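Observations on the three-dimensional arrangement
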Amino acid sequence: MSFPYSVTRLALAFLVTCCASVPAQDEERAEIAVEMERSIKTEILDPWYPKSLDTVYGGFLSAFTFDFKPADDQDKMIVTQARHVWTNAKASLLFPAVSHYRTSAEHGYRFLRDVMWDKKHGGFHTLVDGEGNPKESGFAPKEAYGNAFALYALAAYYQALGDTAALSLAKKQFNWLEEHSHDPVHKGYFQHMEIDGTPVKRNSDERSTSVLGYKDQNTSIHILEALTELYLVWPDPLVRERLNEMLVLIRDTITTPKGYLTLFLEPDWTPVTFADSSKDVVLKHRNVDHVSFGHDVETAYLMIEASHVLGNKHDDLTMKVAKRMVDHALLNGWDHALGGLYDEGYYLKGQKEITIIRDTKNWWAQAEALNTLLFMADLYPDDEMKYFEKFKALWAYAKKYLIDHEHGDWYAGGLDKEPHHRKGLKGHIWKAAYHQYRSLTNCAQRLRPDKEPPATPKDVVLRKNTLQWKSSSDNRNLVGYNIYLNGKRFAYTPLTTYHLTEFGKGPNLTVRALDLQGNESEDSEAVSTK
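Residues numbered from 1 in each chain as written. Predicted model: local features only at pLDDT ≥ 70, side-chain atom pairs only at ≥ 80, totals over all residues. Heavy atoms only, no water.

Some remarks on the overall build of the protein
- For the protein, the count of helices and strands is 14 helices and 15 strands.
- A globule of 530 residues ought to have a C-alpha radius of gyration of about 24 Å, and the protein, at 22 Å, matches this closely.
- C-alpha extents for the protein along the principal axes are approximately 70 × 55 × 45 Å.
- Across the 530 residues of the protein, 61% fall into the buried class.
- At a minimum sequence separation of 6, the contacts of the protein that also span at least 24 residues come to 68%.
- Total accessible area on the protein is roughly 20,900 Å²; 50% of this is exposed by carbon and sulfur atoms.
- Across the protein, the mean location of the 62 positive side-chain charges is 2 Å away from that of the 72 negative side-chain charges. (Helix = DSSP H or I, 4+ residues; strand = E, 2+ residues; numbered from the N terminus. Rg over C-alpha atoms; globule rule 2.2 N^0.38 Å. Buried < 20%, exposed > 50% of the residue type's maximum accessible area, 1.4 Å probe, protein only. Contact = heavy atoms within 4.5 Å. Areas by Shrake-Rupley, 256 points an atom, 1.4 Å probe, with all protein chains shown as cover. Lys, Arg positive; Asp, Glu negative; His and termini not counted. Charge placed at Lys NZ, Arg CZ, Asp CG, Glu CD.)

Printed below as a string of structure tokens:
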């Protein structure tokens, strides 16, 4: 296979290829892989990049019409700007010969650093106008959700380009979240913050439909995702501690025994629920409390990924909860006629079965389901849930109802339920290429996995405080190098040099090459700091 791995699910890809029995549908899998590879390039990346670069004010244009013409409202949100940086950084690894992915990532990184980062108070602004001026809106001035995506992008940018200034900003951002957003008492992170980073407290007179001051699952799962990405390039003990903290919180507290996420919670993690209310009250508060099948399948994958990156061997509890989440979504939110997951369900008072309260099919939920279904199919190939069959059905649904084969990218929702999306915006502050790009690249790699590790780094030497070695080779695509201190990973770089701080005398340093599917080489010859 000549199609390299695009996202930082490096260790997780290795988990699947080594620990799961791959189904025997080799020819069928290869055909789907070809379709997805083609769609990634021609129907996701090509329509967006480099067209979306804002060459006047910096960053990326946010809004595009159905046929990819810039729309009127070009406010810039940290979530979308960060996702564009992340996508281009990953695409630069996927297609190293295409120079504009690297330059687009650099362009977007500069906007995060120079415009969206608050130079006075720290942290990233939630929203700026098209020219880069902070803008008041319905959002909090600073939000953990958006700041998590900034952290996610910075880590990915460093992984791809090796810019140590970006890693330094990622460390600064992590520490800012630690100081302002992390809850030292009840754990997790406060979502809403004032401009100076002070967490927003919910007032007693706040509208019941408002989520201001609550903690939530969506912020939590994307902090989990961001910390996973960060830990791969900066294996810091506190990052590890927070990553494990979020995994345990999401798995054991935010996820219900039935297998779905609680959307919003009090700061002490008491669920916000209207389950004892009438249907009219439930529907009035659907933005606060419902079953989100898309988030559930997405979270199942992110939890397993985090557990593996943490090095948790035989983590039966995480696997059990993740499978329960996927199965609950399929049993209760799957469209058995056309395929796909419905957007919202609810366990109404007095009813044992779930009620679908919104039968539309948001694009991101279907993208996340594709990724998770194939992952579960490879982990559980003979399971009665028939994950691979549902994966195929969902891919067929996406090709027919979600992917715009004429103008490119995905419609915001399935046309079977919402045909008006055919002429709707392809891009806005909540929609870019992230979900569909991440999903299809994960799937394409998993459909045709690579088990061959890179060549072992040679000629490793330590000159003064700089460790250097000769570039390794790989049968497909090399990503970079993990550096080990006495057998424990302590650094990553995509370069062939790494500047060391003082370790004292005695520690042995080794280097392992890393490829796009997470395969590591053997250790290089050890170099002593003596």
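Let's talk about helix H14 (residues 434-447)
- With 14 residues, H14 ought to run about 20 Å at 1.5 Å a step, and its terminal C-alpha atoms sit 20 Å apart, in line with that.
- Counting buried residues in H14 gives 14 out of 14 residues, a clear majority hidden from the surface. (Expected span 1.5 Å × (residues − 1).)

Some remarks on the packing of aromatic side chains
- Going through the model one piece at a time under the given rule, you end up with 27 aromatic pairs.
- Between Tyr145 and Trp430, the aromatic rings sit 6.0 Å apart at their centres with planes inclined by 50 degrees, giving tilted as the arrangement. Of this pair, Tyr145 sits in helix H5 (residues 144-161) while Trp430 sits in the loop between helix H13 (387-402) and H14, placing them 285 residues apart in sequence.
- Judged by relative accessible area, which is 6%, Tyr145 ranks as buried.
- With a relative accessible area of 37%, Trp430 lands in the partly exposed category.
- Seen from their ring centres, Tyr214 and Phe264 are 6.4 Å apart, and the 45 degrees between their planes marks the pair as tilted. Separated by 50 residues along the polypeptide, Tyr214 in the loop between strand S4 (192-193) and strand S5 (215-216) and Phe264 in strand S6 (residues 264-265) bring together distant segments of the chain.
- Taking the relative accessible area as the measure of exposure, Tyr214 reaches 8% and is therefore buried. (Phe/Tyr/Trp six-rings, centres within 6.5 Å; stacked < 30°, edge-to-face > 60°.)

As for helix H4 (residues 99-116)
- With 18 residues, H4 extends 25 Å from end C-alpha to end C-alpha; this agrees with the ideal 26 Å at 1.5 Å per step.
- Packed against the buried residues of H4 are helix H2 (26-48), strand S1 (76-77), helix H3 (78-94), strand S2 (127-128), H5 and helix H6 (164-180).

A short note on the environment of Thr219
- Mapped onto the secondary structure, Thr219 falls in helix H7 (residues 217-233).
- By relative accessible area, Thr219 is classed as buried at 2%.
- Residues Thr219 and Glu143, 76 residues apart in the sequence, show an inter-C-alpha distance of 8.9 Å.
- Leaving out residues up to four positions away in the same chain, Thr219 has contacts with Ala144, Tyr145 and Gln191.

Considerations on the nonpolar core
- Core analysis: the biggest nonpolar cluster contains 138 residues, and Met36, Phe124, Leu224, Leu227, Leu230, Phe391 and Trp410 have the highest contact counts within it.
- For this core, the leading source of residues is H5, giving 15 residues.
- Residues Val460, Trp469, Tyr481 and Ala491 belong to the second largest nonpolar core, which totals eleven residues. (Core = buried A, V, L, I, M, F, W, Y, C linked by side-chain atoms within 4.5 Å.)

Side note on the pattern of salt bridges
- The tally for this structure, following the rule as stated, stands at 34 salt bridges.
- Notably, a salt bridge pairs Glu35 with Lys399, separated by 3.1 Å at the nearest N-O pair. One end of the pair, Glu35, is in helix H2; the other, Lys399, is in helix H13, and 364 residues separate them in sequence.
- Accessibility expressed as a relative area gives 28% for Glu35, which makes it partly exposed.
- Its salt-bridge partner being Lys323, residue Asp327 comes within 2.8 Å of it at the nearest N-O pair. Here the residue Asp327 and the residue Lys323 both occupy positions in helix H11 (residues 316-333), the gap between them amounting to four residues, near one helical turn. (Salt bridge = Lys/Arg side-chain N within 4 Å of Asp/Glu carboxyl O.)

Details of the environment of Trp176
- Along the polypeptide, Trp176 turns up in helix H6.
- Along the sequence, Trp176 and His121 sit 55 residues apart, while their C-alpha atoms lie 9.5 Å from each other.
- Setting aside its immediate chain neighbours within four residues, Trp176 contacts His121, Gly122, Gly123, Lys142, Asn147, Ser181, Met193 and Gly197.
- Only 3.5 Å separates the side chain of Trp176 from the backbone oxygen of Gly122, close enough to count as a polar contact. (Polar contact = N/O pair within 3.5 Å; in protein donor to acceptor, adjacent residues only side chain to side chain.)

What to know about the sheet that holds strand S11 (residues 478-485)
- Taking strand neighbours across the sheet as the criterion, the four strands line up as S12-S11-S14-S15 in an open arrangement whose pairing is antiparallel. Among the strands making up the open sheet, the edge pair consists of strand S12 (488-493) and strand S15 (527-528).
- As judged from the seven bridges shared by S11 and strand S14 (residues 508-515), these two strands associate in the antiparallel manner. Paired with Tyr484 across the bridge in S14 is Thr510.
- Relative to the sheet, H7 contacts S11 and S12, its axis offset from that of S12 by approximately 95 degrees. (Pairing = 2+ DSSP bridges. Axes fitted to C-alpha atoms, helices over the stretch in contact; angles between N-to-C directions.)

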